[in-house]
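# Examination of the molecular architecture
Read off the chains here:
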Amino acid sequence: MKDEKQSVLDELRNLVSMISDVEDVRKATEEALALAVNPVDIVDTLSAALNDVGKKYDCGEYFLSELMMGGILAIEVTNIVKPHLTTAQRKALGKVIIGTVKGDLHDIGKNIVIMMLSAVGFDVIDLGVDVPAEKFAEIAKKEKADVLGMSALLSSTIEEMKNVMGLLTKEKLRDSVKVIVGGRPVTKEYADEIGADGYGKDATEAVNVTKELVKSRR
Ligand code: B1M
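If you're wondering where the values come from, they're calculated on a predicted model, not measured in any experiment.

## Some points on the coordination of the cobalt atom of the ligand
Looking at the cobalt atom of the ligand, one finds just one donor atom contributed by the protein, His106 (NE2), at 2.3 Å. Note that His106 resides in the loop between strand 1 (95–101) and helix 5 (108–120).

## Observations regarding the nonpolar core
Judged by nonpolar contacts, the single largest core of 43 residues is most densely connected at Leu12, Val25, Ile42, Val77, Leu85, Ile112 and Leu117. Listed by contribution, the elements that provide at least two residues to this core are helix 1 (4–17), helix 2 (22–34), helix 3 (39–58), helix 4 (64–85), strand 1, helix 5 and helix 9 (203–217). It is helix 5 that provides the largest number of residues to this core, a total of eight residues. The next biggest cluster of nonpolar side chains, apart from the first, holds 29 residues, and it includes Val101, Leu148, Ile158 and Ala196.

## Regarding the sheet that holds strand 4 (residues 178–182)
Pairing within the open sheet is parallel, and its five strands lie in the order 2-1-3-4-5. Each end of this open sheet is capped by a strand with a single partner; those strands are strand 2 (123–131) and strand 5 (198–200). Strand after strand, the sheet turns through a mean of 20 degrees between neighbouring axes, direction not considered. In the sheet, strand 1 pairs with strand 2 via six bridges, with the strands oriented parallel. Counted as the bridge partner of Lys95 is Asp123 from strand 2. Strands strand 1, strand 2 and strand 3 (147–151) of the sheet are contacted by helix 5, whose axis makes an angle of about 175 degrees with strand 2. Along the sheet, helix 9 contacts strand 1, strand 3, strand 4 and strand 5; its crossing angle with strand 4, the most-contacted strand, is approximately 170 degrees.

Conventions used here
Think of each chain on its own: its residues are numbered from 1, step by step along the sequence as written. A pLDDT threshold of at least 70 governs which residues receive local features in this predicted model, and a stricter bar of 80 or more applies before side-chain atom pairs are shown or counted, although totals over entire chains, interfaces and linings include all residues. As a convention, hydrogens and water are excluded, and side-chain values are obtained from all of the structure's heavy atoms. Atoms of type N, O and S within 2.8 Å of a metal are treated as its donors, and for Na, K and Ca the window is 3.2 Å; water is not considered, so some sites may appear to be missing partners. Only runs of H or I of at least four residues qualify as helices and only runs of E of at least two qualify as strands under DSSP, and these elements are numbered from the N terminus. Buried Ala, Val, Leu, Ile, Met, Phe, Trp, Tyr and Cys residues that are joined via side-chain atoms within 4.5 Å together make up what is termed a nonpolar core. Note on classification: 1.4 Å probe, protein chains only; a residue is buried when its accessible area is under 20% of the maximum for its type, exposed when over 50%, partly exposed between these limits. At least two DSSP bridges between two strands are needed for those strands to be called paired. Interaxial angle, 0 to 180 degrees, is taken between N-to-C directions of lines fitted to C-alpha atoms, where a helix line uses only the stretch in contact. Contacts: residue pairs with any heavy atoms within 4.5 Å of one another.

Structural measurements only, silent on function.
Structure below.
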């Protein structure tokens with residue numbers, strides 16, 4: 001028989017992928033936390049549910065309105081989980097600037113990565129979405145960032161990562177800042193191809209890779 005924790009996670013996945021009432025989604029998230037479910041498992045469940053939504057959109061079962069509602073439900077869940085991921089003592093592991101590349105408005109995955117990086121003690125500056133290459137370079141320089149992170153969810157916008165890499169080289173910033181990339185269409189091969197220093201397939205990997213990148217600078 002499934003344990004209580006798994007049942008509530010299954011329920012949460014079902015509620016989000018069926019685009020249920022926001023109150024029910026909130027209740028299931030709070031119930032999971034009350035049962036001491038690891039917040040990272042809640043985030044993973046949310047990712048799986050959004051994948052379900054994406055598949056339904058792909059096959060024509062859902063339309064843009066459902067895609068948008070999926071995003072709204074995800075924001076509700078992450079807002080509830082966020083305080084449970086944040087550590088009380090900050091260890092100041094390093095400074096990270098992160099944004100979603102130009103032309104791309106998806107920010108749920110990026111925000112989860114930010115939550116997890118902040119939780120382990122990184123000082124994170126969120127550049128938001130639709131971030132032009134010039135802004136990545138400008139803020140990396142101004143903030144003396146250890147790591148620059150780029151997220152992209154559209155296959156049409158990952159090309160923008162290459163532009164950012166080119167500008168960082170042109171501005172002679174590649175010796176001072178490490179670059180990590182991630183997002184649904186991004187692969188390790190693509191990260192290598194554009195000369196990024198790291199790739200994270202999910203938020204947990206993003207945290208581990210960022211830690212390694214900061215260590216390699218010292
Ligand atoms: Co859009 N969308 N969307 N969407 N959307 C996708 C991405 C899509 C795959 C859906 C589909 O067709 N199956 C598809 C892209 C297809 C493609 O490019 N091949 C798509 C499309 C087509 C579009 C529009 C073009 C739709 C339209 O207008 N006709 C439009 C584009 C707008 C734009 O950006 N210019 C659009 C709009 C939207 C909404 C605004 C409605 C909404 C976004 C709301 C928001 O972000 N605030 C939305 C949503 C919700 C989705 C899906 C359903 C969910 C995305 C998501 O949040 N996933 C998505 C389907 C899917 O992903 N299967 C889809 C959950 C999230 C936790 O995962 O972001 O991958 P992800 O992040 C992960 C990892 O990738 C990684 O860690 C995260 C946590 O584990 N990661 C990193 C992410 N960034 C990282 C950075 C790192 C390291 C790791 O280092 C820096």
